[in-house]
Amino acid sequence: MNRHANNDEQKQFYIATANLLNFANPDRIYYDNAPAYDRKAYQHKLQGITELLSKAHADIIAVQEVWDSDALEALAVSLGFKAEHVIAPLASNDRTSQYTQGHGAQKTPAVGFISRFAQLETTLLENIVPEAVIDIPDVGPYHQFNRPPLLLRVDAYGQPITIVTAHLKSKRAYFLRDESGNLLEDMDDPNIRVRAKLRSLCMRAAEAASIRMSIIKRLQHTREPLILLGDMNDVTGSVTTQLMAETGEVNYDKSMRDVALFDAARIQTRYGWMKDVAYTHIYQSIPEVIDQLFVSEEFLPDSKFSLGHVERVDYFNDHLKWDYSDRVIDHGIVRAKIKLYD
């Protein structure tokens, strides 16, 4: 399947994250204001994403913006995986799905995984943890994720690893609308625009806090490694991203290592300079890293509890320099190479 599939001499694997930019089945309306892909456009997108991801040689791929599991399975097969290696419950095209009844994602795209490793557990984080629920201005309590994160626990060469992928609320202003989707606010009013952006920030903060609390339960007083990756919709040092990781707390309290997460790009043992030239998205003409990969203490090379290390992190982003019409996705791909100790 890929060059690491049968490599038992070295326990290593590649893990990547990729936002697939509204990846849907052909002839399927996903947004009311967006045209469906015809067969030619779908094949172009499938082939283009395949070409980009094939260079990553990933064993585990976390994906965002998926509308249909059939499309994701087609991508998996084109990359050398099997259809059963796909996990995307909220984009399911299986008619027996309790979430979608086979219709795929509705109203908003979903996250998912392609993984060659045996699946030990799959859990959707649908609800905001009660302690993280906050009131969104003019909206009320934020109880449920707009795009629920997905937790996957795998067996990697006999080592259980918990992996969480997320796609947090964007910075895009959240304007009030009626049940029919009609605007209730003046988008051109600068004060209203600020308030609308405040709503988005509050939503992202609640989501980040909820993910953090869910992760703590998995990390506290255990030695099982955890990886968090996905489209965080803000830079690595932002308040919301650091709310999930709490890396800085380790500087003041070493015991925090047990539950903190560490930016894989900063703890990699090779090519550490790459973090200084990386970007995964261009927002308002400014390149930034909003697609990220964090690991727990078990992948810190200097930890007494280390079970492996991040050898290197790579950014695949050349396609972001292409003309817009030539881009099949609008985010860079982040990939980490992780080596497990015997």
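The coordinates are above.
Right, let's walk through the structure included here. (Residues numbered from 1 in each chain as written. Predicted model: local features only at pLDDT ≥ 70, side-chain atom pairs only at ≥ 80, totals over all residues. Heavy atoms only, no water.)

1. Description of the pairing of strand β2 (residues 60–66)
At step 1: The element β2 is extensively covered by neighbouring structure, given that seven of its seven residues are classed as buried.
At step 2: Taking the sense of rotation as the criterion, the β-α-β connection linking strand β1 (residues 12–23), helix α1 (residues 39–54) and β2 turns out right-handed.
At step 3: Note: β2 against strand β4 (residues 110–115), five bridges, orientation antiparallel. Its bridge partner lying in β4, I61 is registered against I114. (Buried < 20%, exposed > 50% of the residue type's maximum accessible area, 1.4 Å probe, protein only. Helix = DSSP H or I, 4+ residues; strand = E, 2+ residues; numbered from the N terminus. Right-handed = clockwise from strand over helix to strand, strands pointing away. Pairing = 2+ DSSP bridges.)

2. Re the environment of T122
At step 1: Assignment of secondary structure puts T122 in strand β5 (residues 118–124).
At step 2: With 145 residues separating them along the chain, T122 and I267 place their C-alpha atoms 28 Å apart.
At step 3: In contact with T122, not counting residues within four places along its chain, are I87, L150, L151 and L152. (Contact = heavy atoms within 4.5 Å.)

3. Overview of the sheet that holds β2
At step 1: As summarised here, the arrangement of the six strands in space is β3-β4-β2-β1-β16-β15, forming an open sheet in which the pairing is mixed. The sheet terminates laterally at β3 (86–87) and β15 (308–316), the two strands that pair on one side only.
At step 2: In this sheet, β2 lies alongside β1 in parallel orientation, the contact comprising six bridges. Counterpart to T17 in the pairing with β2 is A62.
At step 3: Relative to the sheet, α1 contacts β1, β2 and β16 (333–340), its axis offset from that of β1 by approximately 155 degrees.
At step 4: Of the strands in this sheet, β1, β2, β3 and β4 touch helix α2 (residues 69–78), which is tilted by about 140 degrees from β1. (Axes fitted to C-alpha atoms, helices over the stretch in contact; angles between N-to-C directions.)

4. As for the side chain of N25
At step 1: You can see N25 is positioned in the loop between β1 and α1.
At step 2: In this structure the side chain of N25 is engaged in a polar contact, spanning 3.4 Å, whose partner is the side chain of N93.
At step 3: Non-local contacts of N25, meaning those with residues more than four positions away in its chain, are made with Y37, Y42, D68, D70, A71 and N93. (Polar contact = N/O pair within 3.5 Å; in protein donor to acceptor, adjacent residues only side chain to side chain.)

5. Thoughts on the pattern of salt bridges
At step 1: Within the structure shown, the criterion is met by 19 salt bridges.
At step 2: Of the charged contacts in the structure, one is a salt bridge between D234 and K171, with a shortest N-O distance of 3.4 Å. In this pair, D234 sits in the loop between β10 (226–231) and α4 (239–245) while K171 sits in the loop between β9 (159–167) and α3 (190–219), placing the two residues 63 residues apart along the sequence.
At step 3: Accessibility expressed as a relative area gives 12% for D234, which makes it buried.
At step 4: Linking D263 and R266 is a salt bridge whose minimum nitrogen-to-oxygen distance equals 4.0 Å.
At step 5: Connected through salt bridges with shared partners, the residues D138, E185, R195 and R199 form a single ionic network. (Salt bridge = Lys/Arg side-chain N within 4 Å of Asp/Glu carboxyl O.)

6. Topic: the sheet that holds strand β8 (residues 150–156)
At step 1: Reading across the sheet, the six strands line up as β5-β8-β9-β10-β14-β11 and stay open at both edges, with mixed pairing between neighbours. Edge positions in the sheet fall to β5 and β11 (262–263), since each of these pairs with one other strand and no more.
At step 2: Examined bridge by bridge, β8 and β9 share seven bridges and lie antiparallel to one another. Opposite A156, over in β9, you have Q159 as the bridge partner.

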